[in-house]
Amino acid sequence: MKRLISLILVVSVLITCTSCGVKKDENKPYSASFKCFDTIVSLKVLDNIRSKDFEEVRKVFMSRCNQYDDKFSKTRFGSFVKKLNKNKFFSADKECIEILKDSIKYSNLTDGNFDITVSPIVDLWGIDTSHFKIPNKLKIKKYLNLVDYKQIHFDNNTVHLTKAGSIDLGAIAKGNVTDKMVELLKYMKVKSAIIDMGGNIYAIGSKDGKPFNVGIHKPFSNGELSATVKIKDSAVITAGIDKRYKKRNGKIYPHIIDPKTGYPIDNDLNSVTVISKNATAADALSTGFMVMRLEKGLKLANKTKEIEAVFIDKDNKLHLTDGLKQDGKNITLK
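What you see is a predicted model; the values in this text were computed from it and never measured.

1. Let's talk about the sheet that holds strand 5 (residues 152–155)
Move 1: Strand order in the open sheet formed by 3 strands is 4-6-5, and the pairing between neighbours is antiparallel. Two strands in the sheet have a free side with no partner beyond their single neighbour: strand 4 (89–91) and strand 5. Between one strand axis and the next, the sheet turns by 20° as a mean value, whatever way the strands run.
Move 2: Relative to strand 6 (residues 158–161), strand 4 runs antiparallel, the two being bridged by 3 bridges. Residue Ser 91 lies in a different strand from strand 6, and its bridge partner there is Thr 158.
Move 3: Relative to strand 4, helix 2 (residues 80–87) is tilted by about 140°, and along the sheet it contacts strand 4 and strand 6.

The structure is reproduced here in structure tokens:
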């Protein structure tokens, strides 16, 4: 599954997390963390609420995340993804159909550069596993025949994979779940919070009436920031090549696979960060833009409503969409 580049949240208070627990020091926010989606998920609530109220929020938040992990995981026994991949058809519920239709939407938007049916090629390379290997060209060509998002068909509530392929929701699931968790927290009257799903950041509301500052990691650096972006009620999600890759004979093989070639991407980009109120869009499009390369990706990003993006090229130079402005390392919406 895709692992997004870790984003560094820059706020004036420290995040203090306990595994599946709660901690609050005087004048500091409530925070909790737990393992989910093969990463660490954390929640920080800045509201002035009682400890028992945050404990209830934490329990519901964690329970819902684990439910979605059970449902959307590619490897977890009983998940809808695992069943669909095995049987090539599945009677899906509303949420499963929704995420599949969103996936098709962003595949269409990016001309197939984002494609959840790239799963067979992802497995073939095994970049996220201990079984990484460089496949031969004939095998890649063979598996490419199974990659085509247009093979996903719906017959009422039944989903079919007509080319006998398989899916991997790793490039969209955490964004989709983030949107659901934002709705949940707002329903529970949370007004100021930060959700971090393994680098997928969503800021609910503001901090003391001011936007949150979220740092964009400089690729291949030791914690250095390329920039910080000011946001409220928005997601900041990055896809890049420098955190999850294998290296052979001096060459880097990133975990992001080009669905059209069957090879790990090797282009003029180090990372793409997408900013949007819609975390699902930010998650999927950050990957799609990475595959598209700088010129085409930036052009599409500028044409896509309700998102902004920061592209970082191989020289670590920043390229911003038209709705952003930069002052030194500070990026804000125009």
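The structure having been displayed, the exposition proceeds.
2. Let's talk about the pattern of salt bridges
Move 1: In total, this model carries 18 salt bridges according to the counting rule given.
Move 2: The closest approach of N and O atoms between Glu 224 and Lys 218, which form a salt bridge, is 3.7 Å.
Move 3: Accessibility expressed as a relative area gives 37% for Glu 224, which makes it partly exposed.
Move 4: Ionic contacts of the salt-bridge type, sharing partners, join the residues Glu 55, Arg 58 and Lys 59 into one network.

3. Comments concerning the environment of Asp 93
Move 1: Looking at where Asp 93 falls in the secondary structure, it is placed in the loop between strand 4 and helix 3 (94–109).
Move 2: A sequence separation of 236 residues divides Asp 93 from Lys 329, and the C-alpha atoms of the two residues are 44 Å apart.
Move 3: For Asp 93, the side chain forms a polar contact with the main-chain nitrogen of Glu 95, separated by 3.2 Å.
Move 4: Here the side chain of Asp 93 touches Cys 96 through a polar contact of 2.9 Å, landing on its backbone nitrogen.

4. Some words on the environment of Ile 172
Move 1: Structurally, the position occupied by Ile 172 is in the loop between strand 6 and helix 6 (173–187).
Move 2: For Ile 172, a relative accessible area of 0% corresponds to the buried category.
Move 3: Ignoring sequence-local partners within four residues, the contact set of Ile 172 consists of Ile 99, Asp 102, Ser 103, Tyr 106, Phe 114, Thr 280, Asp 283 and Ala 284.

Conventions adopted
- Residues numbered from 1 in each chain as written.
- Predicted model: local features only at pLDDT ≥ 70, side-chain atom pairs only at ≥ 80, totals over all residues.
- Heavy atoms only, no water.
- Pairing = 2+ DSSP bridges.
- Helix = DSSP H or I, 4+ residues; strand = E, 2+ residues; numbered from the N terminus.
- Axes fitted to C-alpha atoms, helices over the stretch in contact; angles between N-to-C directions.
- Contact = heavy atoms within 4.5 Å.
- Salt bridge = Lys/Arg side-chain N within 4 Å of Asp/Glu carboxyl O.
- Buried < 20%, exposed > 50% of the residue type's maximum accessible area, 1.4 Å probe, protein only.
- Polar contact = N/O pair within 3.5 Å; in protein donor to acceptor, adjacent residues only side chain to side chain.

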